[in-house]
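Structural overview for review
Chain residues, written in single-letter form:
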Amino acid sequence: MTQLVTGKKTRFATAWLGGCSGCHMSLLDLDERLIELFQAADLLYSPIADIKEFPRQVDVTLVEGAVANVDHLELARQIRERSHIVVSFGDCAVTGNVTSLRNRLEVDDLLSMVYREGPGREPRGREGDGILPALIPRVLPLHQVIAVDAFIPGCPPDPDTIWEAVSALLHGAPVRLKQEMRYFG
Amino acid sequence: MNRPELQAMGERERERQQSYRCRLLCCASTPCLSSGATAVIEALKQFVKEQELDADVLVTATGCMGPCSRGPLVTVQTRDLEDVVYEHVTPELARDIALAHAAPEPRALERNLLAADSPFFAKQKKVVLSNSGLIDPERLECYVARGGYGALANALREMTPVEVCEAITRSGLRGRGGAGYPTGLKWDLVRKAPGTRKFVIANGDEGDPGAYMDRTLMESDPHRVLEGMAIAGYAVGAEQGYIYVRGEYPIAAKRLENAIRMAERRGLLGGRVLDSSFSFRIDIRIGAGAFVCGEETALMASVMGRRGQPSPRPPYPAQSGLWGMPTLINNVETFGNIAPIIDNGAEWYAAIGTDKSKGTKIFALAGTVATTGLIEVPMGISLREIIFDIGGGIPNGRAFKAAQTGGPSGGCIPAEHLDTPVDYDSLRRLGSIMGSGGLVVMDDTSCMPDVAKFFMEFCMDESCGKCVPCRVGTVQLHRLLEHITNGSATPRDMETLEELCVMMQETSLCGLGQSAPNPLLSTLRYFREEYQAHILERTCPAGKCTMDHVPPLEQGAELQRRSRSTTSDSEVS
Amino acid sequence: MSVVTLHINDELVSARSDQKLLEVIREQGIDIPTLCHLEGVSDLGGCRLCLVEVQGSSKLLAACVTPVQEGMSVYTHSERLVRYRRMILELLLSERTHTCAVCVTNGHCELQYEAAELGVDHVRYEYLAPQLHLDASHARFTLDHNRCILCQRCVRVCDEVEGAHTLDIMGRGANGRVITGLNRPWGECVSCTSCGKCVQVCPTGALFFKGSSVGEMEKRHAFLSWILNGRERKEWQW
Ligand SMILES: Cc1cc2nc3c(=O)[nH]c(=O)nc-3n(C[C@H](O)[C@H](O)[C@H](O)COP(=O)(O)O)c2cc1C
Ligand code: SF4
Ligand code: SF4
Ligand code: SF4
Ligand code: FES
């Protein structure tokens, strides 16, 4: 199965923002369906493929993780500009989830508690010192930063859920998850 | 006391008042008190004492006279002279006034005069406030001298409860608490409702920011409210009434309490009113500072000592109100209309106003207009007349932008609709409401999204929290307005905002949540381009908003800009 | 008790005149979401999920508190109702901190279930994420305000069934909080009988047994009908 209606292979990407990479692990748990996936799609960008630049033209991009720092903002902007369909992939992208629990603290207090005064006493400079990307004041779900076309909830989403969504997308169909696949958490 | 005794009491008091050469009436309502009326009254009393004029000059502390921003106000009634009103009276000026008017050849001063024929007075029609500013609210005799309790005596003797309800229905009176429900109809529902006991409640919670119509009525003419309630009690078959007074109105509560005691002592309230078989007691309940307690079901919960939180209707209070009994609940101003209707007839009343909105309405005129204060106007008067004739127009050479009616449940009316007649239905067509009578005038320095934010913040703070759409919806709408006014909103926020407004209107449990989006929607209706300027151009046309935030996607550039500027700061230091 | 007839989604049905719409709708096998409603205690009409359209009424009415009436015509799933129900769930999810992945009731939560059922796959409103406390002073139970949806089920069951009235709501609007005693730590409240009814009826992870870890807290409120049937009808079978 799994050919795009156009007959061409789907230009496919996945991205990793503020998340634990669990969603990507779950993606890998597609197991033998991975073969089907990559018969139908070319993987143009992904944390599991060493590609530095987000490519110019992508059909479908799955985005794991919430938007937490300025690099995420920039990548999110590129993803939106260069992808036909953007999918929030997993609870962190969809809701902010665990990544957003830091919203209870001011960025500066957070850095002090964790780094400047934390157990490791990491020598960290000020925000935006050019070494690490500056944290934005509040972690945001992806759709509050850019327009998002489809959502796959779950922490992480079950491989079956991922497949349900991805195979629909490969067919150019809208993502319509069954109820048991729609749970947050 | 019976009817002839009541008439005799009035006659005695009138004679007493006419025996004075000159009466100095000094407003002792909250606005004048806060601008120094106490010292003025003291000075006048001192003067009378010094000059030994006790038999010739009477100093009376009265209720509100209207042009509150010009207080303290003193009205002088002198034999053989026209009544005159002085504004901004100081204790020194008060002595001069007394000296001039109490002189053997009395004359009016040239200074601080408020012309009686000025449009401020000429365009008003005082029905509910007919005694306000002319009587001492603490003396029952003063009220009786102006015909007070005559309507009650008349109703008890000459009319059946059915006839009273019919008269109110024919008068066309509609509720003054906001929604404008026909009062006669409501009374008839309660009258017909089966129940062993019934109750009457006067709603004096008045929570709209800036509104003080009900406070003024309760402070200036408390017996008027009591009489209206007693007539209602007779008409619907209730023997117990409650006045729910907002906790922030201690003077109103004190004067009402005093009035109830005096009326009971004279047999005008309590057991066997005016020697009839009708008994009616009134008790006061003090609110504890929640806007939502003005909503009738929440108010009743509060009267019963429960958490002041609305409950779903039906059942309506008319069927099942206090302790499950049929209950009539009307606004204080609604009750203020009753005695004049019974006195002068339903037809007299129905001749005032417009086709569907009869009588007069009290407004608290506030905001950027030359004279602010309390006014009573016939229904159907245009907004232009209220603002430019009565209010004297917009000061400081600025332009009129919008008038806000109905407070947090109402809306804004722009200049192009200034000639709309003020009545229930016209205002509703414009996307606002008559409301309880708040009227805030805004000039061109007002930013409409900012105004909407103010009212949304009010609703957010006052939401009782029982139902989700209002509890969370007000917070979310306030956030969205915050984003709009600080420059971080995106066009998508506008869609979210508008959809949420409609949803709240349709799904909230009570009137607070259902009408909380109104100020927002009405400013959107008439000033959409201002919202768009905030979002698309990130500018505030009125120059009010700081616009110091950016939309999420631009935060990166913004953070870099900031960190660069702090880096260079620290390099300097 | 007389019988009335009414239409629900254009089907003619009959009902006892003392019934509420919700009961009749459910008797028809129609699935209509609720959160504040709880069989066995009085109704609040607060969550607004059970809103229905009644022909001739300009307002949407909460089925759980609306009495049936002869000749009524009720619609339970119009486009607008379904959309509003989703929006209500979005509002609830945005109000406090619902990080299901690390929640004690993950997988057993009524809010989470309703969101999935109604297809709420993302929340368009800003997450308010207020900083709220967790009261773990009670020997057996924990109250986590961060997961509370203010449905007042716990308050009503404590008052109406247990008769203790340890729980109530303090504050107004979004500042509302479930309190124990007169806002004392729960562990210090002598009125609490530690019966655990509140925990069992709480639809979310706001109330849970101490020691539950992620996803371990499963609620059962069947006990309520058992108690009430026993008390009122002397029927004690489980
Ligand atoms: C949130 C809310 C606040 C209200 N506040 C008041 C109030 O302060 N005074 C008042 O008379 N009516 C108020 N009302 C209207 C009352 O519920 C009720 O309709 C009114 O007292 C009936 O009196 P009327 O028929 O004389 O207008 C309020 C309604 C709502 C929904
Ligand atoms: S609409 Fe607002 S004030 Fe009214 S019941 Fe709902 S939460 Fe309370
Ligand atoms: S209470 Fe329910 S919705 Fe909230 S975090 Fe826990 S599982 Fe999720
Ligand atoms: S603690 Fe649970 S039952 Fe109580 S109000 Fe909160 S969510 Fe409802
Ligand atoms: S179940 Fe009816 S309003 Fe909550």
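This write-up is about the structure you can find in this document. The model shown is predicted, which means the values in this text are computed figures rather than measured ones. (Residues numbered from 1 in each chain as written. Chains lettered and ligands numbered in written order. Predicted model: local features only at pLDDT ≥ 70, side-chain atom pairs only at ≥ 80, totals over all residues. Heavy atoms only, no water.)

**Focus: helix α4 (residues 153–162) of chain C**
Residues and elements named next belong to chain C. Taken across its 10 residues, α4 has 7 buried, putting it largely inside the fold. Along α4, the positions that sit buried rather than exposed are R153, C154, V155, R156, V157, C158 and V161. Turning to α4, the residues buried within the fold contact α3 (110–117), β8 (167–170), β9 (177–180), α5 (197–201), β10 (207–209) and α6 (222–233). With its phi angle positive at about 80°, G163 sits one or two positions after the end of α4. (Buried < 20%, exposed > 50% of the residue type's maximum accessible area, 1.4 Å probe, protein only. Helix = DSSP H or I, 4+ residues; strand = E, 2+ residues; numbered from the N terminus. Contact = heavy atoms within 4.5 Å.)

**Topic: the interface of chain B and chain C**
Across the contact, 31 residues belong to chain B and 31 residues belong to chain C. For the pair chain B and chain C, the summed buried area comes to about 2,800 Å², and 55% of that belongs to carbon and sulfur atoms. Inspection of the chain B/chain C interface yields 6 salt bridges. Notably, a salt bridge pairs R83(C) with E499(B), separated by 3.3 Å at the nearest N-O pair. Linking chain B with chain C are 19 residue pairs in polar contact (both at pLDDT 80 or more), by the criterion used here. When residues of the side of chain B that touches chain C are traced back to their parent elements, those giving at least two are α19 (448–462), α20 (468–486) and α21 (491–507) of chain B. Considering every element that reaches the side of chain B that touches chain C, the biggest residue donor is α20(B), with 9 residues. Taken together, the residues that form the side of chain B that touches chain C break down as 12 nonpolar, 11 polar and 8 charged. (Buried area = accessible area lost by both parts, 1.4 Å probe. Salt bridge = Lys/Arg side-chain N within 4 Å of Asp/Glu carboxyl O. Polar contact = N/O pair within 3.5 Å; in protein donor to acceptor, adjacent residues only side chain to side chain. Nonpolar A, V, L, I, M, F, W, Y, C, P; charged D, E, K, R; others polar.)

**Thoughts on the site of ligand 3**
Taken together, H98(C), T99(C), C100(C), C103(C), T105(C), N106(C), C109(C), L111(C), Q112(C), R147(C), T204(C) and G205(C) make up the full set of residues adjacent to ligand 3. Across the shell around ligand 3, the residue classes tally to 4 nonpolar, 7 polar and 1 charged. (Near = heavy atom within 4 Å.)

**Some words on unusual backbone geometry**
With an omega dihedral of -10°, the bond running from G71(B) to P72(B) counts as a cis peptide bond. Looking at where P72(B) falls in the secondary structure, it is placed in the loop between β2 (57–62) and β3 (74–78). Residue P314(B) is reached from R313(B) by a cis peptide bond, and omega for that bond is -5°. With respect to the helices, strands and loops of the structure, P314(B) is situated in the loop between α13 (296–303) and β9 (327–331). Of note, N97(A) is a non-glycine position whose phi angle comes to about 45°, a positive value. Its location among the elements puts N97(A) in the loop between α4 (91–95) and α5 (107–116). Positive phi is not limited to glycine here, since H88(B) has a value of about 45°. Checked against the element boundaries, H88(B) lands in the loop between β4 (84–86) and α4 (91–102). Classification of H88(B) by relative accessible area gives partly exposed; the value is 38%.

**A look at the state of the cysteines**
Residues and elements named next belong to chain B. All told, the structure shown has 0 disulfides over all chains when counted by the stated rule. Its sulfur unpaired, C22 is 13 Å from the next cysteine sulfur, which belongs to C26. Looking at the unpaired C447, the closest cysteine sulfur is the one in C545, lying at 3.6 Å. The class of C447 is buried, set by a relative accessible area of 1%. (Disulfide = S-S within 2.5 Å.)

**Remarks on the pairing of strand β1 (residues 3–8) of chain C**
Residues and elements named next belong to chain C. Across the two faces of β1 the burial differs, with V4, L6 and I8 buried and V3, T5 and H7 not buried at all. Bridging between β1 and strand β2 (residues 11–16) involves 6 bridges; their strand directions are antiparallel. Opposite T5, over in β2, you have S14 as the bridge partner. Between β1 and the antiparallel strand that follows it, β2, lie 2 residues; N9 among them carries a positive phi value of about 45°. Pairing between β1 and strand β5 (residues 73–75): 2 bridges, direction parallel. Bridge pairing links H7 to S73 in β5. (Pairing = 2+ DSSP bridges.)

**What to know about the environment of F400(B)**
Residue and element names in this part refer to chain B. If you trace the backbone, F400 turns up in strand β12 (residues 400–405). A residue is classified by how much of its surface remains accessible, and F400, at 12% relative accessible area, is buried. On a C-alpha basis, the gap between F400 and G207 in space is 26 Å, while along the polypeptide they are 193 residues apart. With residues up to four places along the chain from it excluded, the contact list for F400 reads I387, F388, I394, I413, P414, A415, L418, V441 and M442.

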